[in-house]
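# Notes for the structure review
Listed here are the chains, written in short residue letters.
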Amino acid sequence: MLPFTPLQSKPTPRFSHLTSHPYSHPIPSTRRHHHFSVTTPPPYQPRRLAIKAIDAAQPYDYESLVSNQYAQSGRLKIAIVGFGNFGQFLAKAFVRQGHIVFAHSRTDYSNIANSLGVSFFQDPHDLCEQHPDVIVLCTSIISTEPVLKSLPIQRLKRNTLFVDVLSVKEFPKNIFLQVLPTHFDILCTHPMFGPESGKDSWKDLAFVFDKVRIGEGKSRTARVDKFLDIFEKEGCRMVQMTCAEHDRYAAGSQFITHTMGRVLEKLDLETTPINTKGYETLLNLVENTASDSFDLYYGLFMYNKNAMEELERLDLAFEALKKELFGHLHEVLRRQLFGKAEEAGQRRILTKLPKNGYALPAPSSDAIKSQNNN
C-alpha cells in the first residue's frame, strides 16, 4: 500500500526546546552559546495511515464479497426451455429459492418473465451463451425431440445437466442418450403434480427422478443434489425409481385417470343441488384433466408402451361390467315372464321326454322336493 501523509499542522520547530517560556527569565545569548550544544535531529518521518474500519477504507468491500460468494455457492443458473404454464409454474419455485433463472420459448413471454424475475431469451443461442448449470425441458411430449435437436448445445459448458419433466420417462431418456454427447449429464424427473394440483403447496406431492447419467466429480454430483433439493425444500415426497418402473406404474394410474376424466368430459356432467361427495370428486377429476392439453393425453398414450395394454384392459373391464349388469337383468325378466313358479324356484324337471303331440306332464312332488333341496 502507498504511504499516506495525513493533513496536519505545521511540523514542530527543530529548536523548540530552546525557546523561552513566556514566564521564564530570558537567558543571555552568551550563556546559550556556552552552556548548550545543538545536535542535528533525525529526518522527519511521515506517519503511515492506520486502517481501522474495513468497510470504509478498502477499495472494495471484502467482507461483503465473501458473503456474496458464500450465498452464490448454493445458487444454480437454471435455463427453462418451454416457458408455458408448467415452465412458469416451476420458475416461481426456482426464483423463490434464490436461483438464477433464464427462459426460452417460441412464444414471447418476456413480460411474464420479467414479472417473475426471470431473464427471457427469444434466441436459443443467446440462452446457451449464458452457460447455465441446468437446462430443464418443459416442452410437450411430442415436441421434445425437435426442440432438443434445435438447441445449439455446442455453446454450452461441456458438463451441463439436462433435465426433463415429462409425464413419460423411457421416451425422453432414450432421446437424451441418442442426441446428447456423453459429457452431458442426464436427470429424468416427473413432478406428479401441476399448476392446479400444486397451486397451494407441494407438500407430500410425489416427485419421481432417475439419475440416468451423472459424470464423475464432486461438483457434478453436488449440482444434481442442489437441483433435487429445490423440490425437497418445497416439501415434495422424493421417489427414486427407474424410468421403466415409472412408465409401468404411470400407465395404470396417470393414463387411466386421464382417460376416465376425458370420458366423463364427453358426458357434459353438471353440478346439481344434491351432489354427493363422490360426484364432486368426479367433477374435480373432469376439471383437472380437461385443463391439460390433448397433446399431453396423446403423449401419455403414444409414448408409453404400457398405455395400450391398459386401454385394452379398461375396455375388457367395461364389457365384463355390462355383461354382469345384463345378466342380472335377464334374471329379472325371466321371473316376470314365468310368474310365481319361477320366483319360487320351482322348475319342471322331466324324468323322460314325452311323445310327440303330448303335453308336458306336471312335475311330481318328489321332483319338486329334490329340486328345492338342490
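See the structure above.
Residue positions are given per chain, counting from 1 as you read along its sequence in written order. Residue-level local features of this predicted model are given only where pLDDT is at least 70; pairs of side-chain atoms are given and counted only at 80 or more, and the full residue set underlies all totals for whole chains, interfaces and linings. With hydrogens and water excluded, all non-hydrogen atoms of the structure serve as input to the side-chain values.

## Remarks on the overall build of the chain
Secondary structure elements follow DSSP: runs of H or I of four or more residues count as helices, runs of E of two or more count as strands, with numbering from the N terminus. In terms of regular secondary structure, the chain is built from 14 helices and eight strands. For every residue, the accessible area obtained with a 1.4 Å probe (protein chains only) is divided by the maximum for its type, and the residue is called buried under 20%, exposed over 50%, and partly exposed between those limits. When each of the 374 residues of the chain is scored for burial, the buried share is 30%. By definition, residues are in contact when any of their heavy atoms lie within 4.5 Å. When contacts within the chain are restricted to residue pairs at least 6 apart in sequence, long-range pairs at least 24 apart make up 67% of them.

## Focus on the environment of V165
With respect to the helices and strands, V165 occurs in the loop between β5 (161–164) and α8 (170–179). The spacing of V165 and S140 is 25 residues in sequence and 9.6 Å in space, taken between C-alpha atoms. Contacts of V165, omitting those with residues within four sequence positions, involve F86, L90, V136, L137, C138, T189, H190 and P191.

## What about the pattern of salt bridges?
Opposite charge on two side chains permits pairing when their charged atoms draw close. Salt-bridge detection follows one rule: a side-chain nitrogen of Lys or Arg within 4 Å of a carboxyl oxygen of Asp or Glu. According to the stated counting rule, one finds 13 salt bridges in the structure shown. Residue R96 is joined to E234 by a salt bridge in which the shortest nitrogen-to-oxygen separation is 3.2 Å. With R96 in helix α4 (residues 85–96) and E234 in the loop between α9 (218–233) and β8 (237–240), this residue pair connects regions lying 138 residues apart in the sequence. With a relative accessible area of 53%, R96 lands in the exposed category. Among the residues examined, E234 registers a relative accessible area of 19% and is labelled buried. Across the pair R262 and E265 runs a salt bridge whose closest N-O atoms are separated by 3.9 Å. In this pair, R262 and E265 are both assigned in helix α10 (residues 243–266), three residues apart and thus about one turn of the helix distant. The buried category is assigned to R262, whose relative accessible area is 13%. Linked by salt bridges that have partners in common, D185, R220 and R223 make up one network.

## Details of the packing of aromatic side chains
Paired rings are identified among Phe, Tyr and Trp, the last through its six-membered ring, by centres lying within 6.5 Å, and are further divided according to the angle between planes into stacked (under 30 degrees), edge-to-face (over 60) and tilted (the rest). Under the criterion given, the structure shown has 18 aromatic pairs. Seen in terms of ring centroids, W202 and F231 are 5.8 Å apart; in terms of plane orientation they differ by 15°. Their pairing is stacked. Here W202, found in the loop between β6 (185–191) and β7 (206–213), pairs with F231, found in helix α9; they are 29 residues apart in sequence, far enough to count as distant. Of the two residues, W202 and F231, neither departs from the other in class, the shared state being buried. When the centroid spacing of 6.1 Å and the interplanar angle of 25° are considered together, the rings of F255 and F301 count as stacked.

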